[in-house]
Amino acid sequence: MTRLHRNRDIVVLLLLFVGLGLAYSIINPLHEATDELRHYRFVRYIVVNKSLPVQGQEACRFQSHHPPLFYALGAVASGWVDAGEDLCRTPPANRFWAYRFAEVGVDNKNQYLHGPEEAFPWRGEALAAHLIRALNVLIGAGAVWATWATGRAIWPRRRALALGGAAFVAFNPMFLYMAGAINNDILAAFSGSAILLASVRLLRDPQGLSRRWGLLFGLLYGIALLSKFNMAAAGLLIAVAATYVAWRRRQWRRWPEVGLLSLAVAALLAGWWFVRNQMLYGEPTGFRTVTELWGARDPLQSLPLAIFELPAAWSTLWGRFGFGQIPLPQVLYDALAWIVLLGLAGALISVARRRRDTATIFLGLLFLNVVLSFAVLFNYMLVSPAGAMGRFFFPGLPALSLLTFYGLSRLAAGLKTVAGVDSDRLLAWLANGAMLALSLVALLGYLAPAYARPPAFPADAEPPNAVDASFAGLATLRGYELDARSLEPGQPLEVSLYWEVEKQPPGDFLLFLHLIDEAGTVVAQRDTHPGTGAFPTSHWQPGQRFVDTLSVYVPETAYTPETATVYVGLYAPTYRLAISGPQGEDWGDALALGEVALEPAAQQGPERALPNPTAQNFEDEWLLRGYEYNARVLAPGDVFRVTLYWTAADHATTQSERHPVVELQLLDDAGIVRGSMEHPLPDEAVSASAPTPSVHDLSLGRDLPAGAYRVRLVLHDEPGGKRLHILAPEGHFAAQHLDLARIRIEP
């Protein structure tokens, strides 16, 4: 009891972690976490077939390239559940998933449509999945404990350092999220933290190397290799710790004995896996087959791309949920970066001041673990398109957390002498409180809303702009609200729809919002499941009332000034639902909600006073500053004239040998090109520092069918040359073409 009382802080921390991990697991719908569906299939394959899957021989995608330890544990935990034997069953997909992928928000963040079969009390597949998730939470608790125990072993007289360091693991939102999902990354983190703990305790052992350590390291390394193949790098950490002890205590005769014993035990545990890979795939890791099935990068060419992806890896280390489509605000990632940098700087300063201190070797071991884990992550980024995932760094997270907190404590050490404050304990409580708050904010402020149904409104409420429009007798639109009456290109219009369900819809109807301009063309449109993906019509029940809020963005190249009418409707793949008024009057199949004025964007700098001003950057060579048409409504046989306004980029390369070519295409609704032309940019536009026009005429065919057409602009670097990419403001490639405003052809 005395020992439990002495360690009550870590007991409370572990209980909080388990509670939060289960909360993340319950709130996160099934299979929304990265690759969870394929990890789950691996587990169920073992349950059903009593064997391991073989890469390339599965009927659908599995994670069968991974070592089997986690999946075998999951099979033990869930094997008694009758979850059905259709291993390739996939939940209904949300076709509008990942709309505006990288934005913070709740719009179509769910990859799948989730029904009542996932609700509590769980049964079948839901029960099996949640049992495996609960197992993973317990494994994550083991990693948190090992982090704390490592801190206690390094700083036995400074208990608060261990608690503060463990907080950065326990309350890391991404670690909690992945612990509450089905994956092998948490087991890899536990394996890595266990090896780190054993290495630190070896350094503390007054007897130094012994066969006991050879057995222990062999056991831990074998478990690590069966957890995830990237844990092979942990062998270097073991080797460094053992070599240092052999040098320090002059135990060179025991050094090879311990090393060989460790390798022998690890080979007994995990060697069969590599032999199996050799027999099945022709090499011991099976990684070559992974690249053949999943694709790979050329590491000699992908270095710039991997460096560019480092911010994504950082954000996914701390909290970027799903497949990355549910981010936290950038300020949180920046704040965590500063905290970690300050902590590492403090730790490095301490190492520099204590070069001969015995504690330096422990800090060096932590730094080595961080470097090894980062090297594994970055190497994977070089060879895999899916490599920029912070979870691949989880084995190094305990070391990074301990270093960060230790460094912060060194920077705050002056509080002890100035104010007499126990800075270690104060920082520990601050770290736990701040990280706990972060994990709760991430859970309740970002993860839960991303999958929540739209809010309800009471029966006696009076919705704004009451219309009482019935959609085929299935649901009635009681009212609506537009958040703006004028918009500029690039801005969103937020529309709130007040629905009341009358009958159970027979399937999933889709919702559309259209902005139609005076020329009769679609300026902007949104198509989605109601509830922005979280509340499809197949889940509606009579009597439900809810407010569905969604946004439609006006394109940056929209034609202005114009007046656009907002229309809403519901449709199936081949037809729209009929709309009727309160007295049964026929209102067609698209309901007009109101008008919005499309105003020119605020004009500054070189685009001042240009028509339809914009700023489209073609590979830092040429900038499109604006454009205009001779007409928006034309007839077959007319000449369609497009005037483009260009400047050269301020830091563009010399243009003397460059001959850019403009290509204009006219595309119908099916994407078929109905007319095109190519024309070189005039010399005065190629190198102009002020907006300079280039005029391009496209003769319309006399047999051109009536209807609306997209106008697409493509810029080639030279006649017959490659298409130039348009750069996003962040600098990455956005597209190889630019769609301008549509035109309409009328007889």
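Let me sum up the structure you'll find in this document. (Residues numbered from 1 in each chain as written. Predicted model: local features only at pLDDT ≥ 70, side-chain atom pairs only at ≥ 80, totals over all residues. Heavy atoms only, no water.)

## Digging into the sheet that holds strand S8 (residues 522-528)
Line of reasoning, step 1. Reading across the sheet, the five strands line up as S5-S12-S10-S7-S8 and stay open at both edges, with mixed pairing between neighbours. Lying at the two open borders of the sheet, with one neighbouring strand each, are strand S5 (486-487) and S8.
Line of reasoning, step 2. Sheet topology note: the strand S10 (residues 562-571)/strand S12 (residues 591-598) ladder contains seven bridges and is antiparallel. Of the residues in S12, the one forming a bridge with Thr565 is Glu595. (Pairing = 2+ DSSP bridges. Helix = DSSP H or I, 4+ residues; strand = E, 2+ residues; numbered from the N terminus.)

## Some thoughts on unusual backbone geometry
Line of reasoning, step 1. Cis geometry marks the peptide bond from Phe120 to Pro121; its omega dihedral reads 0°.
Line of reasoning, step 2. Summarising the element assignment, Pro121 is placed in the loop between helix H4 (69-78) and helix H5 (124-154).
Line of reasoning, step 3. Even without being a glycine, His31 presents a positive backbone phi close to 70°.
Line of reasoning, step 4. Secondary-structure assignment places His31 in the loop between helix H2 (8-27) and helix H3 (36-49).
Line of reasoning, step 5. One non-glycine residue, Arg100, lies in the positive phi region at around 45°.

## Focus on a nonpolar patch on the surface
Line of reasoning, step 1. On the surface, Trp247, Trp252 and Trp255 cluster together to form a nonpolar patch covering roughly 340 Å² of accessible area.
Line of reasoning, step 2. Looking at where Trp255 falls in the secondary structure, it is placed in helix H11 (residues 254-281).
Line of reasoning, step 3. According to the relative accessible area criterion, Trp255 is partly exposed, its value standing at 36%. (Patch = residues over 30% accessible without salt bridge, like charges linked within 9 Å, V, L, I, M, F, W, Y side chains within 5 Å. Areas by Shrake-Rupley, 256 points an atom, 1.4 Å probe, with all protein chains shown as cover. Salt bridge = Lys/Arg side-chain N within 4 Å of Asp/Glu carboxyl O. Buried < 20%, exposed > 50% of the residue type's maximum accessible area, 1.4 Å probe, protein only.)

## Focus: the environment of Asp483
Line of reasoning, step 1. Within the secondary structure, Asp483 is located in the loop between strand S4 (475-482) and S5.
Line of reasoning, step 2. The sequence separation of Asp483 and Leu440 amounts to 43 residues, and the corresponding C-alpha distance is 30 Å.
Line of reasoning, step 3. Filtering out sequence-adjacent residues up to four positions away, Asp483 remains in contact with Pro492, Leu493 and Glu494.
Line of reasoning, step 4. At 2.9 Å, the side chain of Asp483 forms a polar contact with the backbone nitrogen of Glu494. (Contact = heavy atoms within 4.5 Å. Polar contact = N/O pair within 3.5 Å; in protein donor to acceptor, adjacent residues only side chain to side chain.)

## Structural notes on the state of the cysteines
Line of reasoning, step 1. Taken as a whole, this structure holds one disulfide when the rule is applied.
Line of reasoning, step 2. Between the sulfur atoms of Cys60 and its disulfide mate Cys88 the distance is 2.1 Å. A torsion of -90° about the S-S bond marks the disulfide between Cys60 and Cys88 as left-handed. One end of the pair, Cys60, is in the loop between H3 and H4; the other, Cys88, is in the loop between H4 and H5, with 28 residues separating them in the sequence.
Line of reasoning, step 3. For Cys60, a relative accessible area of 18% gives the class buried. (Disulfide = S-S within 2.5 Å.)

## Thoughts on the sheet that holds strand S16 (residues 639-648)
Line of reasoning, step 1. Strand order in the open sheet made by the six strands is S19-S16-S14-S13-S21-S22, with antiparallel pairing throughout. The sheet is open, and its two borders are formed by strand S19 (692-699) and strand S22 (733-735), each paired with just one other strand.
Line of reasoning, step 2. Looking at chain direction, S16 and S19 are connected through eight bridges and run antiparallel. The residue bridging Val642 from the neighbouring strand is His696, located in S19.

## Points about the packing of aromatic side chains
Line of reasoning, step 1. As enumerated under the stated definition, the model contains 32 aromatic pairs in all.
Line of reasoning, step 2. Taken together, a centroid distance of 3.9 Å and an interplanar angle of 10° make the contact between Phe42 and Tyr71 stacked. Of the two residues, Phe42 is situated in helix H3 and Tyr71 in helix H4; the sequence distance between them amounts to 29 residues. This pair shows no difference in class: Phe42 is buried, exactly as Tyr71 is.
Line of reasoning, step 3. A centroid spacing of 6.1 Å and a plane angle of 80° characterise the contact between Trp272 and Trp273, whose relative ring orientation is edge-to-face.
Line of reasoning, step 4. The exposure class assigned to Trp272 is partly exposed, which follows from its relative accessible area of 39%.
Line of reasoning, step 5. By relative accessible area, Trp273 is classed as buried at 3%.
Line of reasoning, step 6. Among the aromatic side chains, those forming a connected cluster through ring pairs are Phe471, Trp499, Phe535, Trp540 and Phe546.
Line of reasoning, step 7. One residue, Arg100, lies across the ring of Tyr553, its end atom 3.5 Å from the ring centre. (Phe/Tyr/Trp six-rings, centres within 6.5 Å; stacked < 30°, edge-to-face > 60°. Lys NZ or Arg CZ within 6 Å of the ring centre and 35° of its normal.)

## Looking at the pairing of strand S18 (residues 673-680)
Line of reasoning, step 1. Across seven bridges, the pairing between strand S17 (residues 661-667) and S18 is antiparallel. Note that in S18 the partner of Glu663 across the bridge is Glu678.
Line of reasoning, step 2. Linkage of S17 to S18, two consecutive antiparallel strands, is achieved through a turn of five residues, within which Gly671 is found at a positive phi near 85°.

## A word on the layout of surface pockets
Sizing a probe to match a water molecule and rolling it over the atoms shows the empty space that remains.
Line of reasoning, step 1. Considered as a void within the structure, the largest pocket measures approximately 1,400 Å³ in volume.
Line of reasoning, step 2. If you go around the largest pocket, you meet 43 residues; those closest to its centre are Val554, Pro555, Glu556, Thr557 and Asp739.
Line of reasoning, step 3. Looking at the lining of the largest pocket, the elements with two or more residues in it are S8, strand S9 (545-553), strand S13 (616-618), strand S14 (622-629), strand S20 (707-716), strand S21 (726-727), S22 and strand S23 (738-745).
Line of reasoning, step 4. Grouping the amino acids of the lining of the largest pocket by side-chain chemistry returns 24 nonpolar, eight polar and eleven charged. (1 Å grid on protein atoms, 1.4 Å probe; cavity = no way out; pocket = protein on both sides within 12 Å on 5 of 7 lines; lining within 4 Å. Points joined across faces, edges and corners; volume = space filled by probe spheres on them. Nonpolar A, V, L, I, M, F, W, Y, C, P; charged D, E, K, R; others polar.)

Remember that the coordinates give geometry; whether it matters functionally is a separate question.
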